[in-house]
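# Structural overview for review
Spelled out, the chains give:
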Amino acid sequence: MSKSLYVGNLPFSASEDEIRDLFSQHGQVLSVKLISDRETGRPRGFGFVEMEAADATGAVEALNGYSFGGRALKVNEAQPRAPRPPRW
């Protein structure tokens, strides 16, 4: 079974490959998704990494607070998105 991890406070220059390489040191990475602004396409500074559940726990412990690109990463288990009312 896999777990999705939230990765925050990423440097805006970070690439999916760099994040994959960092997390793969702690187990098998199934997917990496960095979030970009819909209107400008610029990075928003956070993303999600999907890993096997056993590997994810170790990655959270090892990488939460880890300095990456001069910024302290915030890594924790992703929470389901809260329902939002329609925007229209």
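Values in this document were obtained by computation on a predicted structure and should not be read as measured data.

What follows is about the overall build of the protein. Broken down by element type, the protein carries 2 helices and 6 strands. In the protein, the order of α-helices and β-strands from amino to carboxyl end is β-α-β-β-α-β-β-β. A globule of 88 residues ought to have a C-alpha radius of gyration of about 12 Å, and the protein, at 13 Å, matches this closely. If you line up the protein on its principal axes, its C-alpha atoms span 45 × 30 × 20 Å. Here the protein holds 88 residues, and 28% of them are scored as buried. Pairs at least 24 residues apart make up 63% of the contacts formed inside the protein by residues separated by at least 6 positions.

Taken together, the 7 bridges between strand E1 (residues 2–8) and strand E3 (residues 43–52) define a ladder with antiparallel strand orientation. When the bridges of E3 are listed, Lys3 appears paired with Met51. One ladder, built from 6 bridges, connects strand E2 (residues 29–36) with E3; its direction is antiparallel. In the strand pairing of E3, Ser36 is matched with Pro43. Linking E2 to E3, which pair antiparallel, is a turn of 6 residues; within it Gly41 sits at a positive phi near 80°.

Taken in spatial order, the 4 strands of this open sheet run E2-E3-E1-E6, and their pairing is antiparallel. Looking at the sheet topology across the chains shown, the edges are occupied by E2 and strand E6 (74–77). The average angle at which neighbouring strand axes cross in this sheet is 20°, direction not considered. Along the sheet, helix H1 (residues 16–24) makes contact with E1, E2, E3 and E6, crossing E2 at roughly 140°. Running over the sheet, helix H2 (residues 53–63) touches E1, E3 and E6 and is turned about 140° from E3.

Mapped onto the elements, Pro11 comes out in the loop between E1 and H1. Residue class for Pro11 comes out buried when judged on its relative accessible area of 11%. Residues Pro11 and Gly70, spaced 59 residues apart in sequence, show a C-alpha to C-alpha distance of 7.7 Å.

Attention now goes to unusual backbone geometry. Even without glycine at this site, Asn9 takes up a positive phi of about 65°. With respect to the helices and strands, Asn9 occurs in the loop between E1 and H1.

Taken together, the side chains of Arg38, Arg44, Arg81, Arg84 and Arg87 present a region of like positive charge at the surface. With relative accessibility at 65%, the residue Arg81 sits in the exposed group.

Parameters and conventions
Residues numbered from 1 in each chain as written. Predicted model: local features only at pLDDT ≥ 70, side-chain atom pairs only at ≥ 80, totals over all residues. Heavy atoms only, no water. Helix = DSSP H or I, 4+ residues; strand = E, 2+ residues; numbered from the N terminus. Rg over C-alpha atoms; globule rule 2.2 N^0.38 Å. Buried < 20%, exposed > 50% of the residue type's maximum accessible area, 1.4 Å probe, protein only. Contact = heavy atoms within 4.5 Å. Pairing = 2+ DSSP bridges. Axes fitted to C-alpha atoms, helices over the stretch in contact; angles between N-to-C directions. Patch = residues over 30% accessible without salt bridge, like charges linked within 9 Å, V, L, I, M, F, W, Y side chains within 5 Å. Areas by Shrake-Rupley, 256 points an atom, 1.4 Å probe, with all protein chains shown as cover. Salt bridge = Lys/Arg side-chain N within 4 Å of Asp/Glu carboxyl O. Lys, Arg positive; Asp, Glu negative; His and termini not counted. Charge placed at Lys NZ, Arg CZ, Asp CG, Glu CD.

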